[in-house]
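# Overview (structure and organization)
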Amino acid sequence: MEYVVSIRIPFPETIGNVLKREKGRFISQYGSSYKSEPHITLYLDRYTREGFSKLINDLRGLSMKPFTISLLKPNVRLEEDRQNNLYVMDVSDKEQIQELHDKILELAIRYQSPLLRSKVRHRLEQQGIYTDGKRENLKDAYVDQTFDPHITLGQVGINDPQPDLKDVERNIKELVGEKITVSHLIVMLDGKMNDDKHFKLVEKATISLSKES
């Protein structure tokens, strides 16, 4: 069975509902595949089942004070290797999110699967880096994408009809400048059998950030 762990910053329901509505528009009108609840991903990788409980235990000892970020205007980014335009809502105070990401990565890397996620493997192949899917065989050739925190609204193929960015801005304008206190994380373990098409939630945990650092 293949397992994937994702660690996310969740949002208040009022903010999440507006983002969910716009994500739904991208799905229905432009065929976007991003159907998850609105969030910022801090960590996403293949994992071992036995490592999940150890990760949760380590994360409960994570030392970092809660902090506040602000929502910024949406923009569009080219994913050249996937031939997509990615529509996102940007956020402020990325240095603090980066610090949190780095602390999580230091803990999570201990228990990750020796195999790469299929999307990562495909991206490497697109870059001309061929692999059997095992991390150890990549050596210095494997460099993951730079972490850039954002909220994904949807993705559209570069050759497909594109949404007007002004429409996107208008649909979520009430969120621009809204502040979110990052005080807890959602950790999800999803799994699928080899013949399954989609991952299903296996286990989920909430981690509160320490008020002392």
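Predicted model only: the values in this text are computed from it and were never measured. (Residues numbered from 1 in each chain as written. Predicted model: local features only at pLDDT ≥ 70, side-chain atom pairs only at ≥ 80, totals over all residues. Heavy atoms only, no water.)

The computed volume of the second largest pocket comes to approximately 240 Å³. What lines the second largest pocket is a set of 14 residues, among which Pro 10, Phe 11, Glu 37, Pro 38 and His 39 lie closest to the centre. At the level of secondary structure, the elements contributing two or more residues to the lining of the second largest pocket comprise helix 1 (13-30) and strand 7 (184-192). The element that contributes the greatest number of residues to the lining of the second largest pocket is helix 1, accounting for 4 residues. For the lining of the second largest pocket, the per-class residue count stands at 6 nonpolar, 4 polar and 4 charged. (1 Å grid on protein atoms, 1.4 Å probe; cavity = no way out; pocket = protein on both sides within 12 Å on 5 of 7 lines; lining within 4 Å. Points joined across faces, edges and corners; volume = space filled by probe spheres on them. Helix = DSSP H or I, 4+ residues; strand = E, 2+ residues; numbered from the N terminus. Nonpolar A, V, L, I, M, F, W, Y, C, P; charged D, E, K, R; others polar.)

Turning next to the sheet that holds strand 6 (residues 179-182). In space, the 4 strands of this open sheet follow the order 5-4-3-6, with antiparallel pairing throughout. Pairing within the sheet leaves two strands with one partner each, and these edge strands are strand 5 (151-157) and strand 6. When the angles between neighbouring strand axes are averaged without regard to direction, this sheet yields 35°. Relative to strand 4 (residues 84-91), strand 3 (residues 67-79) runs antiparallel, the two being bridged by 7 bridges. (Pairing = 2+ DSSP bridges. Axes fitted to C-alpha atoms, helices over the stretch in contact; angles between N-to-C directions.)

A few words on a nonpolar patch on the surface. Nonpolar side chains collect at one region of the surface, where Met 1, Met 193 and Val 202 lie side by side and expose about 270 Å² of accessible area between them. By the element assignment, Met 1 lies in the segment before strand 1 (2-9). (Patch = residues over 30% accessible without salt bridge, like charges linked within 9 Å, V, L, I, M, F, W, Y side chains within 5 Å. Areas by Shrake-Rupley, 256 points an atom, 1.4 Å probe, with all protein chains shown as cover. Salt bridge = Lys/Arg side-chain N within 4 Å of Asp/Glu carboxyl O.)

All right, on to the pairing of strand 2 (residues 40-47) then. On a regular strand, one side chain projects to one face of the sheet and the next to the other, so that they alternate. The element strand 2 is largely enclosed, with a buried count of 6 among its 8 residues. Sheet analysis places strand 1 next to strand 2, joined by 7 bridges and oriented antiparallel. Opposite Ile 9, over in strand 2, you have Ile 40 as the bridge partner. (Buried < 20%, exposed > 50% of the residue type's maximum accessible area, 1.4 Å probe, protein only.)

Our next topic: the pattern of salt bridges. According to the stated counting rule, one finds 12 salt bridges in the structure shown. The salt bridge partner of Lys 103 is Glu 99, with a shortest N-O separation of 3.7 Å. Here Lys 103 and its partner Glu 99 are both found in helix 3 (residues 94-108), 4 residues apart, which amounts to about one turn of the helix. Since its relative accessible area comes to 39%, Glu 99 is described here as partly exposed. Overlapping salt bridges bring together Arg 77, Asp 90, Lys 94 and Asp 148 as one network.

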